[in-house]
Amino acid sequence: VQLQASGGGAVQAGASLRLSCTTSLFGFPTWGLGWFRQPPGKEREFVAFYGRTDLGSPTVAYADPVKGRFTISRDNDKKTVSLQMDNLKPEDTATYYCGQHRGNNYTLTANYIRWGQGTQVTVSS
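Residues numbered from 1 in each chain as written. Predicted model: local features only at pLDDT ≥ 70, side-chain atom pairs only at ≥ 80, totals over all residues. Heavy atoms only, no water.

Engineer: Can you break down the environment of Gly34 residue by residue, with the values?
Structural biologist: Position of Gly34 among the secondary structure elements: in strand 4 (residues 32-38). Among all residues touching Gly34, those that are not within four sequence positions of it are Ala48, Phe49, Tyr97, Cys98, Gly99 and Tyr112. (Helix = DSSP H or I, 4+ residues; strand = E, 2+ residues; numbered from the N terminus. Contact = heavy atoms within 4.5 Å.)

Engineer: Pulling in residues and values, what's your account of unusual backbone geometry?
Structural biologist: The phi dihedral of Ser57 is positive, around 50 degrees, even though this residue is not glycine. Despite not being glycine, Asn87 shows a phi value in the positive range, around 50 degrees. Looking at where Asn87 falls in the secondary structure, it is placed in the loop between strand 8 (80-85) and strand 9 (94-101). Under the relative-accessibility criterion, Asn87 is labelled partly exposed at 42%. (Buried < 20%, exposed > 50% of the residue type's maximum accessible area, 1.4 Å probe, protein only.)

Engineer: Kindly report on the pattern of salt bridges, identifying the contributing residues and their values.
Structural biologist: Inspection of the entire model under this criterion finds 5 salt bridges. Among the salt bridges present, the one from Arg37 reaches Asp92, with a minimum N-O distance of 2.9 Å. Of this pair, Arg37 sits in strand 4 while Asp92 sits in the loop between strand 8 and strand 9; the two residues are 55 residues apart in sequence, bridging distant segments of the chain. Close ionic contact of Arg52 with Asp54 constitutes a salt bridge, the shortest N to O distance being 2.7 Å. We classify Arg52 as partly exposed; its relative accessible area is 36%. (Salt bridge = Lys/Arg side-chain N within 4 Å of Asp/Glu carboxyl O.)

Written out as structure tokens, the structure is:
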């Protein structure tokens, strides 16, 4: 298994969750990693991105709906990328996926070459 997401659960609005994506990627610092989510019946959408760190000054970016509430981080020693989600809202309900990025636009699923299996987040009002 190259990427494995965990940490999802069912919470009430306003709560926090921390998702983790454990990887076995060779050359981990050379890869950008992203989090996406797929709400029920909808397309997979971009959530957050942490760029490669081997060149310095990595890109860190968030989708507008999660800015100020979600924080992405990575640990190169442990080969993990995490997503701290605070002040969760019912509209955050989705299956969350971590992905290995290659290419240009990190907001597009087409530029991800490998995905974890997804972890479910359910937020009730």
